[in-house]
Amino acid sequence: MSEELEKREVEDIKPKKEKKEKKEKKEKKEKKEKKEKKDVKEKRDKKEIEEIEIDVNLATPLSKKEQRLLKKGKITLEELEKQKNIDTPAPVVSNVESTGAEKEEKRAEFSVWIGNMAFDTTREDLTRYLVAKSATLPEYTTEMKPEDLAKIEESDITRLNLPRNKDKIKGYAYVDFKTVNHLKTAISFSESQLNGRNLLIKDAKSFEGRPVQDPLSKLSKNPPSRILFVGNLSFDTTTELLKEHFGHCGQIVKVRMATFEDSGKCKGFSFIDFKDETGPTNALKDKLCKKLINRPLRLEFGEDRSKRAPKRKAPEGQQHPIQEVGHTPEPVERAERPERPERSERPVQKDDRKKRRFDNDRGSNKRPKSSVALANAQRASAAIVASTGTKVKF
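The chain appears in an unreviewed UniProt entry as RRM domain-containing protein from Kuraishia capsulata CBS 1993.

Asker: Can you break down the overall build of the chain residue by residue, with the values?
Answerer: Scanning the chain from N- to C-terminus turns up eleven helices and twelve strands. The burial tally for the chain puts 20% of its 394 residues in the buried class. The contacts in the chain between residues at least 6 apart in sequence include a share of 63% that link residues at least 24 apart. Per element, the accessible surface of the chain, about 36200 Å² overall, is 50% carbon and sulfur.

Asker: Describe in detail the side chain of Asp 125, supporting the description with residues and values.
Answerer: Within the secondary structure layout, Asp 125 lies in helix H5 (residues 123-133). A distance of 3.2 Å separates polar atoms of two side chains, one belonging to Asp 125 and the other to Thr 122. When near neighbours in sequence (up to four residues on either side) are disregarded, Asp 125 contacts Asp 120, Leu 194 and Asn 195.

Asker: Now, about a negative patch on the surface: what can you tell me, with residues and values included?
Answerer: On the surface, Glu 18, Glu 21, Glu 24, Glu 27, Glu 30, Glu 33, Glu 36, Asp 39, Glu 42 and Asp 45 cluster together into a patch of negative charge. Mapped onto the elements of the fold, Glu 27 is located in helix H1 (residues 2-49).

Asker: Explain the sheet that holds strand S12 (residues 298-301) to me, using residue names and the numbers behind them.
Answerer: Pairing is antiparallel in the open sheet, where four strands are placed in the order S10-S11-S9-S12. Whereas interior strands pair on both sides, the edge strands pair on one side only; in this sheet they are strand S10 (252-259) and S12. Here the strands of the sheet are splayed against their neighbours by 20 degrees on average, with no regard to which way each runs. In the sheet, S10 pairs with strand S11 (residues 266-274) via six bridges, with the strands oriented antiparallel. Each bridged residue has a counterpart across the sheet, and for Val 255 the counterpart in S11 is Ile 272. Here helix H8 (residues 239-246) sits on the sheet in contact with strand S9 (227-231), S10, S11 and S12, set at roughly 135 degrees to S10.

Asker: Report on the pattern of salt bridges, specifying residues and quantitative values.
Answerer: Applying the stated criterion to the full structure yields six salt bridges. As a salt-bridge pair, Arg 128 and Asp 125 come within 3.3 Å of each other at their nearest N and O atoms. Of the two residues, Arg 128 and Asp 125 are both situated in helix H5; the distance of three residues between them amounts to about one turn of the helix. Note on Arg 128: relative accessible area 55%, which makes it exposed. The class for Asp 125 is buried, based on a relative accessible area of 18%.

Asker: An account of the nonpolar core is requested, with residue identities and associated values reported.
Answerer: Core analysis: the largest hydrophobic core is formed by 20 residues, its most contacted members being Ile 114, Met 117, Leu 130 and Phe 177. Put simply, the parts of the chain that give this core at least two residues each are strand S1 (111-115), H5, strand S2 (157-161), strand S5 (173-177) and helix H6 (180-188). Here Phe 177 is in contact with Phe 110, Val 112, Leu 130, Ile 152, Asp 156, Ile 157, Thr 158, His 182, Leu 183 and Ala 186, once residues within four sequence places are set aside. By size, the runner-up hydrophobic cluster in this structure holds 18 residues, among which are Leu 228, Val 230, Cys 249 and Cys 266.

Here is what the cut-offs are and how they apply
Residues numbered from 1 in each chain as written. Predicted model: local features only at pLDDT ≥ 70, side-chain atom pairs only at ≥ 80, totals over all residues. Heavy atoms only, no water. Helix = DSSP H or I, 4+ residues; strand = E, 2+ residues; numbered from the N terminus. Buried < 20%, exposed > 50% of the residue type's maximum accessible area, 1.4 Å probe, protein only. Contact = heavy atoms within 4.5 Å. Areas by Shrake-Rupley, 256 points an atom, 1.4 Å probe, with all protein chains shown as cover. Polar contact = N/O pair within 3.5 Å; in protein donor to acceptor, adjacent residues only side chain to side chain. Patch = residues over 30% accessible without salt bridge, like charges linked within 9 Å, V, L, I, M, F, W, Y side chains within 5 Å. Salt bridge = Lys/Arg side-chain N within 4 Å of Asp/Glu carboxyl O. Lys, Arg positive; Asp, Glu negative; His and termini not counted. Charge placed at Lys NZ, Arg CZ, Asp CG, Glu CD. Pairing = 2+ DSSP bridges. Axes fitted to C-alpha atoms, helices over the stretch in contact; angles between N-to-C directions. Core = buried A, V, L, I, M, F, W, Y, C linked by side-chain atoms within 4.5 Å.

So, in structure tokens, the structure goes:
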């Protein structure tokens, strides 16, 4: 018995030792993981704390596109420096927050809009065109009047903006000048040719000649009328609900709502007839009218069929004469019909009636029955017929 008890005690002690060892191993692993996480965090914090030094006086690095152009030899470093204006002094950073008005770029006082340009024109072409056109004019002086024209040089052009659409230009440009005299000279070159096209040059601030937009054209595509089309309606809408919804816009004459034949519910659209055109216009402008039963409505002017002129076809070979407004047409005299000859009053005999019936039956276009037609059809003989032709020998 004692031996058995000792064995059991030994067996109980072994799993306890194994459990302790496993716990110790887990604790060691957790400690290592915690240390590693702490080290990673410390390294990140150090990197964030490190300050980045930037030298503002150094030149801006070239982009990939510019590097490619330099390799191909299409652009030189001097041209790139002129485009980027690297020689300009660095901007002074102030601690005071700038307002929205200061952030907005100020427009130039003397700018010109040039339109109807060819799509292959470049900045160099425009500058050459302006300089060459004004070569004969006198140079600018402070004593000149604002109406006088002056010679334009490359230094007088402060800005030249050519808006682009991918590879091509959009066909117009903005050019800024230093003085009013240069602006007047540029405008005087309007309707002159560049790359085979007549240029349109005018002051960038003047909007003369621009078509006046009708405010109702934005609300609806159709022309204004006294009928309002209402689309995207719910199936539960009724004529009474539509009258209540659009009643404040104007006097409603009639509501024509499309309905299903079986259920009588709304099909999803309707036409509302108002007394005047003011009703539909008020409905289109009012934001409250654009929603009904939590659905956004589609509102547009409908077609007024009462304004349609009825089309009358003229007889063949004749045309309707064009009549002036307020002209009353003269009454046309109709030609009198010739009198019919009187019928001979004689009694109709029985034999005549039979003949008439027989003649009418002959003239009738009644088709015979299919069985009768097949029986009376002409048939070819099935016998062997001897040949009657001549035999040709070679």
